[in-house]
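# Fold and contact review
Given next are the chains, with one letter for each unit.
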Amino acid sequence: MCRGILPEWKPALDKHRKNYSVKKGESIIREGDIVNGIYFVYSGKLKIHKKWGNKELIIRFATNGAIIGHRGLSSNIETFPVSATALEPSIVCFLELDFFLATLRVNHEFAYRLLLFFADELQESERRMRDLALKSVKTRLASALLQLSQLFGINENRCINLDLSRNDLACFTGATYETVFRTINELVQDGLITLDEKKIQITNPCGLEALTKENS
């Protein structure tokens, strides 16, 4: 947002934005709450999730620079359709809804970039829904691990730089905890990943990539 707005709009942005610190496990927005503004991740890691029957589905993960709450922008719905929860201590930047909408009306470049972001996110959502319907859990898990490694990077031990519970991984792949636990062990036996407590190391990225092409 800071890169896309007009230089003369930045003083207004500085005046209206508010930074908040959130603890691990703390909710930033909750599904069903009235939309009061938009958040940006200044630092940290969050999960974006929603209710799926009696289960939870993680739609995506967010880290530095990501926008949160934009799914609440609508002409006829006034509540957030998703929740956002911190996976670690994080800092988020909040803008009240009226000011954010005014920013869109004035800053055409930013509005254009946001439009493209919505288009990309829609395509990704459609791809995930197709995968949930057509691909095996093993294939979906391989795709998820590659996606997480690209988003959060690799630490000094060559593990995905994210402490993610097996339950959250199950919610992200649309599978049960037991199935994900069993499938992780299969990937270990196949020599595609290794485990370091809660961390996952991708030892054969080409093998995981090949696995994602199955059932395509």
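Because the structure is predicted, anything quoted here is derived from the model rather than measured. (Residues numbered from 1 in each chain as written. Predicted model: local features only at pLDDT ≥ 70, side-chain atom pairs only at ≥ 80, totals over all residues. Heavy atoms only, no water.)

## A look at a nonpolar patch on the surface
Together, Tyr112, Leu115 and Leu116 give the surface a local cluster of nonpolar side chains, amounting to about 310 Å² of exposed area. Tracing the backbone shows leucine 116 in helix H3 (residues 108-134). (Patch = residues over 30% accessible without salt bridge, like charges linked within 9 Å, V, L, I, M, F, W, Y side chains within 5 Å. Areas by Shrake-Rupley, 256 points an atom, 1.4 Å probe, with all protein chains shown as cover. Salt bridge = Lys/Arg side-chain N within 4 Å of Asp/Glu carboxyl O. Helix = DSSP H or I, 4+ residues; strand = E, 2+ residues; numbered from the N terminus.)

## Regarding helix H2 (residues 97-106)
Turning to H2, its buried residues are Leu97, Phe99, Phe100, Thr103 and Leu104. Buried residues along H2 cover an arc of 165° about the axis, so they all sit on one side. Those residues of H2 that are exposed and angled more than 90 degrees off the buried face are Asp98 and Arg105. (Buried < 20%, exposed > 50% of the residue type's maximum accessible area, 1.4 Å probe, protein only. Arc of directions from axis to C-beta.)

## Brief notes about the packing of aromatic side chains
All told, the structure shown has eight aromatic pairs when counted by the stated rule. Where phenylalanine 100 meets phenylalanine 110, the ring centres are 5.9 Å apart and the plane angle is 90°; that geometry is what we call edge-to-face. Residue phenylalanine 100 is found in helix H2, and its partner phenylalanine 110 is found in helix H3; the two are separated by ten residues along the sequence. Classification of phenylalanine 100 as buried rests on a relative accessible area of 0%. Ring geometry for tyrosine 177 and phenylalanine 181: centres 6.2 Å apart, planes at 20°, overall stacked. Note that tyrosine 177 and phenylalanine 181 are positioned in helix H6 (residues 177-189) at a spacing of four residues, about one turn of the helix. The class for tyrosine 177 is partly exposed, based on a relative accessible area of 37%. Residue classification places phenylalanine 181 among the partly exposed residues on the basis of a relative accessible area of 43%. Three or more aromatic residues joined by ring pairs make a cluster, and in this case those are Tyr20, Tyr39 and Phe94. (Phe/Tyr/Trp six-rings, centres within 6.5 Å; stacked < 30°, edge-to-face > 60°.)

## Here we look at the sheet that holds strand E2 (residues 27-29)
Taking strand neighbours across the sheet as the criterion, the four strands line up as E2-E7-E4-E5 in an open arrangement whose pairing is antiparallel. Looking at the sheet topology across the chains shown, the edges are occupied by E2 and strand E5 (55-62). Averaged over neighbouring strand pairs, the angle between their axes works out to 35° when direction is ignored. Pairing of strand E4 (residues 46-52) with E5 involves seven bridges; the strand directions are antiparallel. Directly across from histidine 49, in E5, lies its bridge partner isoleucine 58. Across the sheet, helix H5 (residues 166-173) is in contact with E4 and E5; its angle to E5 comes to roughly 90°. (Pairing = 2+ DSSP bridges. Axes fitted to C-alpha atoms, helices over the stretch in contact; angles between N-to-C directions. Contact = heavy atoms within 4.5 Å.)

## Topic: the pairing of E5
With six of eight residues buried, E5 lies mostly within the body of the structure. As consecutive antiparallel partners, E4 and E5 are separated by two residues, and within that stretch glycine 53 has a phi angle of approximately 70°, a positive value.

## A closer look at the packing of helix H4 (residues 137-152) against H5
One can describe the packing of H4 onto H5 by two numbers: an axis separation of 10 Å at closest approach and a directional angle of 110°. Judged by the angle between their axes, H4 and H5 are roughly perpendicular. Only Leu169, Phe172 and Thr173 of H5 make contact with H4, whose side of the interface consists of Arg140, Leu141, Ala144, Leu145, Gln147 and Leu148. The residue inventory of the contact of H4 with H5, partitioned by class, reads six nonpolar, two polar and one charged. (Parallel < 35°, antiparallel > 145°, perpendicular 65-115°, else oblique. Nonpolar A, V, L, I, M, F, W, Y, C, P; charged D, E, K, R; others polar.)

## A few points about the packing of H3 against H4
Viewed as axis vectors pointing N to C, H3 and H4 meet at an angle of 150°, and their least axial separation amounts to 10 Å. If you check the angle between H3 and H4, you find them roughly antiparallel. Contact residues: H3 offers Glu124, Arg127, Asp131 and Leu132, while H4 offers Arg140, Ser143 and Gln147.

## A look at the pattern of salt bridges
Two side chains of opposite charge can pair, provided their charged atoms sit close to one another. Within the structure shown, the criterion is met by 16 salt bridges. Where lysine 138 meets glutamate 186, a salt bridge forms, and the shortest distance between an N and an O atom there is 3.9 Å. Note that lysine 138 is positioned in helix H4 and glutamate 186 in helix H6, a separation of 48 residues in sequence. Judged by relative accessible area, which is 31%, glutamate 186 ranks as partly exposed. Residues joined by salt bridges that share partners form a network here, namely Glu124, Arg127, Arg130, Asp131 and Lys135.

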